[in-house]
Amino acid sequence: MKQLTETQQLKELIAQYRSEGRTIGFVPTMGFLHEGHLTLVEKASKENDIVVMSIFVNPTQFGPGEDYEAYPRDLKRDARLAEQAGADVLFTPSPSDMYKGEQNVAVQVKRRTDVLCGASRVGHFDGVATVLTKFFNLVKPTRAYFGLKDAQQAAVVDGLIEDFFMDIELVAVDTVREEDGLAKSSRNVYLTEQERKEAPMIYKALQQGAELIKDGERNPETVIKTVTDIIENTSGVIDYAELYAYPELTPLKTLNGKVILACAVQFSKARLIDNIIIDIDEWERS
Ligand code: AMP
């Protein structure tokens with residue numbers, strides 16, 4: 001595995017791959033890798049000639065008071081895991097290389113951001129879309145891999161690729177979970193022992209909500225009440241529990257089509273997010 005830190009080095013390497021006609025799978029991450037990230041790399045490795053993984057804790061997607069400084073980092077361990085999973089290139093640029101001097105242009109996301117995490121993390125998805133536009137221009141990927149754990153992010157990237165005519169296939173990958181159902185996340189290390197015991201309730205609550213829909217419930221309020229009632233039994237504080245059309249993230253009076261049931265729960269030091277995406281039409285057909 002090649003490990004690069006300079007944007008210029010990456011550009012030269014990508015130019016070489018492209019001149020050789022190789023397909024490139026790209027897995028952007030913020031590091032502190034776990035099985036969720038590695039599943040993306042393994043999938044990318046099966047579907048492309050070359051896999052580029054980036055590790056970059058992007059300052060522009062963190063708001064004031066968020067955990068930019070405290071975000072867990074362990075590059076040595078990450079490099080070993082990335083290589084084992086099949087990454088060919090690990091790109092770990094510095095913020096000053098990704099954002100050289102004062103920026104002339106930033107990407108502003110106009111839709112799909114006024115709900116879920118976007119509602120409380122103002123500017124977060126602008127930062128995500130801006131850094132991904134930079135990465136996409138550097139890596140020139142054939143396919144880019146995103147986890148559905150961050151389903152709103154995948155919806156925003158879907159819009160970015162479509163609106164800017166980017167010649168990239170977005171591959172959305174199902175959430176990888178711990179045995180007890182908790183979605184794997186770099187932030188899980190910040191849970192106390194007690195919170196770690198309670199945290200799987202989040203997915204259990206979402207599953208209960210999904211069951212209700214499966215049983216024919218079409219009123220979003222009723223489903224959300226079920227979810228919040230269960231999560232309220234934990235010490236976490238619900239930031240949101242919401243249901244929208246996916247990937248449009250628009251509200252629905254009556255549930256139909258593809259929907260996302262998502263929530264965010266704040267524990268003492270970690271804010272956890274999770275979701276279930278349900279294709280109601282498909283369920284009704286089967
Ligand atoms: P992050 O490092 O948190 O920015 O995540 C990098 C990529 O890994 C994103 O596309 C995430 O959606 C994805 N990812 C994170 N956790 C999981 C998980 N538990 N299952 C699947 N993908 C994940």
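A. Examining the site of the ligand more closely. Taken together, 18 residues are adjacent to the ligand, and M30, G147, D150, V176 and K184 come closest. In the environment of the ligand, an oxygen atom lies 2.6 Å from a nitrogen or oxygen atom belonging to the side chain of D150. A distance of 2.8 Å is found between a nitrogen atom of the ligand and a backbone nitrogen or oxygen belonging to K184. The fraction of the free accessible surface of the ligand (480 Å²) that becomes covered by protein chains is 93%. Listing elements by their share of the shell around the ligand, those giving two or more residues are strand 2 (24–29), helix 2 (35–47) and strand 5 (143–147). When residues in the shell around the ligand are grouped by element, the largest group, three residues, is from helix 2. Each residue belonging to the shell around the ligand can be placed in one class, and the counts come to six nonpolar, eight polar and four charged.

B. Spatial organisation of the state of the cysteines. By the definition in use, this model includes zero disulfides. The cysteine C117 is free of any disulfide, with C263 supplying the nearest cysteine sulfur at 9.7 Å. Judged by relative accessible area, C263 falls into the buried class, the value being 0%.

C. Structural context of the sheet that holds strand 9 (residues 271–279). Strand order in the open sheet formed by three strands is 7-8-9, and the pairing between neighbours is antiparallel. A strand with exactly one partner marks an edge of an open sheet, and here the two such strands are strand 7 (237–245) and strand 9. Neighbour-to-neighbour, the strand axes of this sheet turn through a mean angle of 10 degrees, independent of strand direction. Both strand 8 (residues 258–266) and strand 9 contribute to a ladder of nine bridges, which runs antiparallel. Residue pairing across strands places A264 opposite I273, the latter belonging to strand 9. Docked against the sheet, helix 9 (residues 201–214) engages strand 7, strand 8 and strand 9, running at close to 20 degrees with respect to strand 9. Along the sheet, helix 10 (residues 220–231) contacts strand 7 and strand 8; its crossing angle with strand 7, the most-contacted strand, is approximately 155 degrees.

D. Layout of the packing of aromatic side chains. Inspection of every chain in the model, using the stated rule, returns seven aromatic pairs. When the centroid spacing of 5.7 Å and the interplanar angle of 50 degrees are considered together, the rings of F26 and F135 count as tilted. Placement of the pair is F26 in strand 2 and F135 in helix 6 (residues 124–139), with a sequence separation of 109 residues. Comparing F26 with F135, the two get one shared label, buried. Ring centres of F62 and Y71 lie 6.0 Å apart, and the angle between their planes is 75 degrees; this geometry places the pair in the edge-to-face category. What makes F62 buried here is its relative accessible area of 11%. Among the aromatic residues, those joined into a cluster by ring pairs are F26, F56, F91, Y99, F135 and F136.

E. Examining the pattern of salt bridges more closely. In the structure shown here, the tally under the stated rule is 16 salt bridges. In this structure, the salt-bridge partner of D158 is R112, at a minimum N-O distance of 3.0 Å. Here D158 is found in helix 7 (residues 151–163), whereas its partner R112 is found in the loop between helix 4 (95–98) and helix 5 (116–120), with 46 residues between them in sequence. Residues participating in the shared-partner salt-bridge network are E35, E178 and K184.

F. Quick peek at the sheet that holds strand 4 (residues 89–91). In spatial order, the strands read 1-4-3-2-5-6; together these six strands make up an open sheet with parallel pairing. Two strands bound the open sheet, and with one partner strand each, they are strand 1 (2–4) and strand 6 (169–173). Strand after strand, the sheet turns through a mean of 25 degrees between neighbouring axes, direction not considered. Of the strand pairs in this sheet, strand 2 and strand 3 (residues 50–55) are connected by six bridges, and their pairing is parallel.

Conventions and cut-offs
- Residue indices follow the written sequence of each chain, beginning from 1 at its first position.
- pLDDT decides what is reported in this predicted model: residues at 70 or higher carry local features, side-chain atom pairs at 80 or more are listed and counted, and totals for whole chains, interfaces and linings draw on all residues regardless.
- Each side-chain value is worked out from all heavy atoms of the structure, with water and hydrogens disregarded.
- Note on terminology: near, applied to a residue and a molecule or strand, indicates that one of the residue's heavy atoms is within 4 Å of it.
- In protein, a polar contact requires one atom able to donate a hydrogen and another able to accept it; more generally it is a pair of N or O atoms within 3.5 Å, and residues adjacent in sequence count only if both atoms are side-chain atoms.
- Only the protein chains shown count as cover for residues, with accessible areas throughout obtained via the Shrake-Rupley method and a probe of 1.4 Å.
- Here a helix means four or more residues in a row that DSSP labels H or I, a strand means two or more in a row labelled E, and each is numbered from the N terminus.
- Classification used: nonpolar for Ala, Val, Leu, Ile, Met, Phe, Trp, Tyr, Cys and Pro, charged for Asp, Glu, Lys and Arg, polar for all others including Gly.
- Two cysteine sulfurs form what is called a disulfide whenever their separation falls within 2.5 Å.
- Exposure classes here rest on a 1.4 Å probe applied to the protein chains alone. A residue is buried below 20% of its type maximum, exposed above 50%, and partly exposed in between.
- Two strands form a pair only when DSSP identifies at least two bridges running between them.
- Axis geometry follows a simple rule: fit a line to the C-alpha atoms, using only the stretch in contact for helices, then measure angles between N-to-C directions, giving values from 0 to 180 degrees.
- What makes two residues a contact is simply this: any of their non-hydrogen atoms within 4.5 Å.
- Each pair of aromatic rings taken from Phe, Tyr and Trp, with Trp reduced to its six-membered ring, is defined by centres within 6.5 Å and is described as stacked if the planes are under 30 degrees apart, edge-to-face if over 60, and tilted in the remaining cases.
- When a carboxyl oxygen of Asp or Glu is within 4 Å of a side-chain nitrogen of Lys or Arg, the pair counts as a salt bridge.

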